Amino acid sequence: MIRPRRSHLFMPGSNPRALEKARTVAADGIILDLEDAVAPDAKGTARDAIAQTLAAGGFGKREVIIRINALDSPWWIDDVTMAGKAKPDGILVPKISSVEDLSAVADRLSDIGADMSIKVWAMIETSRAILHAEELAAASRDSENRLAGFVFGPNDIARETRIRMMPGRAAMLPMITHCVLATRLHGLEILDGPYSNFSDTEGFIAEAEQGRDIGFDGKTLIHPSQIEACNKVFTPPDDEVAQARRIIAAFEQPENAKRGAIQLDGKMVERLHAEMAKRTIAISDAIAAMGG
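Residues numbered from 1 in each chain as written. Predicted model: local features only at pLDDT ≥ 70, side-chain atom pairs only at ≥ 80, totals over all residues. Heavy atoms only, no water.

*Asks:* So what exactly am I meant to see when it comes to the packing of helix H3 (residues 76-86) against helix H4 (residues 99-111) here?
*Replies:* Two numbers describe a pair of packed helices, the interaxial angle and the distance between the axes. One way to put it is that H3 packs onto H4 with a least axis distance of 9 Å and a crossing angle of 50°. Judged by the angle between their axes, H3 and H4 are oblique. Remark: the crossing between H3 and H4 carries right-handed chirality. Residues Trp76, Ile77, Val80, Thr81 and Gly84 of H3 lie in contact with H4, whose contacting residues are Ala104, Val105, Arg108 and Leu109. Its residues assigned to classes, the contact of H3 with H4 comprises six nonpolar, two polar and one charged. (Axes fitted to C-alpha atoms, helices over the stretch in contact; angles between N-to-C directions. Helix = DSSP H or I, 4+ residues; strand = E, 2+ residues; numbered from the N terminus. Parallel < 35°, antiparallel > 145°, perpendicular 65-115°, else oblique. Left-handed = near helix turned anticlockwise from the far one by under 90°. Contact = heavy atoms within 4.5 Å. Nonpolar A, V, L, I, M, F, W, Y, C, P; charged D, E, K, R; others polar.)

*Asks:* How should I be thinking about the pairing of strand E6 (residues 147-152) in this particular structure?
*Replies:* Moving residue by residue along a regular strand, the side chains alternate between the two faces of the sheet. Counting buried positions along E6 yields six of six residues, so the element is predominantly enclosed. Sheet topology places strand E5 (residues 119-124) next to E6; five bridges connect them, and they run parallel. Residue pairing across strands places Ala122 opposite Phe150, the latter belonging to E6. With three bridges connecting them, E6 and strand E7 (residues 189-192) associate as parallel partners. Its bridge partner being in E7, Phe150 is matched across the sheet by Ile190. (Buried < 20%, exposed > 50% of the residue type's maximum accessible area, 1.4 Å probe, protein only. Pairing = 2+ DSSP bridges.)

*Asks:* Looking at this structure, how should I read the packing of aromatic side chains?
*Replies:* The geometry of an aromatic ring pair comes down to the distance between the two centres and the angle between the two planes. Tallying each qualifying case throughout the model produces two aromatic pairs. On the numbers, 6.4 Å between centres and 50° between planes, the contact of Phe152 with Phe216 is tilted. Residue Phe152 is found in strand E6, and its partner Phe216 is found in the loop between helix H9 (201-214) and strand E8 (218-221); the two are separated by 64 residues along the sequence. Lying over the aromatic face of Trp75, Lys43 brings its terminal NZ or CZ to 5.0 Å of the ring centre. (Phe/Tyr/Trp six-rings, centres within 6.5 Å; stacked < 30°, edge-to-face > 60°. Lys NZ or Arg CZ within 6 Å of the ring centre and 35° of its normal.)

*Asks:* Explain H9 here, please?
*Replies:* It helps to recall that an α-helix has 3.6 residues per turn; residues three or four apart then point in one direction. A rise of 1.5 Å per residue sets the reference length of H9, with its 14 residues, at 20 Å; its end C-alpha atoms lie 20 Å apart and thus fit the reference within 8%. For H9, every residue scored as buried is listed here: Gly203, Phe204, Glu207, Ala208, Gln210 and Gly211. Buried positions in H9, seen along its axis, are confined to an arc of 160° and lie on one side of it. Along H9, exposed side chains directed more than 90 degrees from the buried face belong to Glu202 and Asp213. Looking at the buried side of H9, the elements it contacts are helix H8 (173-185), E7, E8 and helix H10 (227-234). Positioned one or two residues after H9, Gly215 has a phi angle of 130°, which is positive. (Expected span 1.5 Å × (residues − 1). Arc of directions from axis to C-beta.)

*Asks:* Would you mind going over the environment of Glu125 with me for this structure?
*Replies:* By the secondary structure assignment, Glu125 is in the loop between E5 and helix H5 (127-131). A relative accessible area of 2% means that Glu125 is categorised as buried. When near neighbours in sequence (up to four residues on either side) are disregarded, Glu125 contacts Pro94, Lys95, Gly153, Asp156, Ile157 and Glu160. A polar side-chain atom of Glu125 sits 2.8 Å from the main-chain amide nitrogen of Lys95. (Polar contact = N/O pair within 3.5 Å; in protein donor to acceptor, adjacent residues only side chain to side chain.)

*Asks:* Explain helix H7 (residues 154-161) here, please?
*Replies:* The complete set of buried residues in H7 reads Pro154, Asp156, Ile157 and Ala158. Of the surrounding secondary structure, the elements contacted by the buried residues of H7 are E5, H5, E6 and H8. With its phi angle positive at about 70°, Arg162 sits one or two positions after the end of H7.

*Asks:* Looking at this model, I keep getting lost on the sheet that holds strand E1 (residues 7-12). Mind explaining?
*Replies:* Neighbouring strands of a sheet are bound in pairs by backbone hydrogen bonds; such pairs are parallel or else antiparallel. On the basis of which strands lie adjacent, the closed barrel formed by eight strands has the order E1-E2-E3-E4-E5-E6-E7-E8 and parallel pairing. If you compare each strand with its neighbour and ignore which way they point, the axes differ by 25° on average.

*Asks:* Would you explain the pairing of strand E3 (residues 63-67) in this entry?
*Replies:* With respect to burial, E3 is a largely interior element, five of its five residues being buried. Because side chains alternate across E3, one face comprises the buried residues Glu63, Ile65 and Arg67, and the other comprises Val64 and Ile66, equally buried. Summarising the sheet, strand E2 (residues 29-33) and E3 pair through five bridges and their orientation is parallel. When the sheet's bridge partners are listed, Leu32 is paired in E3 with Ile66. Once the chain exits E3 it traverses H3 before rejoining the sheet at strand E4 (residues 90-93), and the crossover so formed is right-handed. (Right-handed = clockwise from strand over helix to strand, strands pointing away.)

*Asks:* Which parts of the structure should I look at to understand the packing of helix H2 (residues 43-56) against H3?
*Replies:* Interaxial distance between H2 and H3 falls to 10 Å at its minimum, and their mutual angle equals 10°. Of the possible angle classes, the one that applies to H2 and H3 is roughly parallel. In contact with Arg47, Ile50, Ala51 and Leu54 of H2, H3 contributes Asp78, Asp79, Met82 and Ala86. In terms of residue class, the contact of H2 with H3 is built from five nonpolar, no polar and three charged.

As structure tokens, then:
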């Protein structure tokens, strides 16, 4: 099943107002955060608050993901234990760098008998993760790992590599493309990282459009003000959807049933374009089913 993942908003688990607001924002997904947005002395309280919030429900069709603390922290086991019992749609794991990291999370979920519907998302934010992106993505072949996709983490990558965060992200493009290729090879999803300056709308839109064109399925956000623009960028335009429907209809004509390529509006259209068109329509329909 295709589901829209245009916008996923981080919400701090230590902020009761944010947890309440998470039920009403127009994002396709909510990431309830136990890591960066939560102070060390508030981790336990935030964990309990997220568990209570999920138990109360009210998120509608939004995808709900819990970001736990990194595996080198003293909190991650308790985080995974809570998440496994709270039954979010997914668990986002920071600083995943190896298949062993994925296995550690999967093993803990297995130990507590967590429902297999709970998926794991890997944050790609270390040099090692980027260099081994294909190996990490390939781990999804083992369903026990529950791997659903990657979230690219530019800020931590910049910190580790000393690459400057510049408009256009030219220095990071090879890394991004490498990760996109790894996910597509293994049928996974991939979300872009956040744009930190939430007051810079033009800069945000430019980066979101770049991410869409590079191949990201959506973008993670740090402020509700970014949701509307993000959804617009990652929503297939009406004319693109209409053209996709025309392509499908043309190939469904009896005279085209066995053809690998046809002419449509003066252009050559191949079967591969029909497959792309099917996904465009599926995403458009899924967005409509969520209420736009």
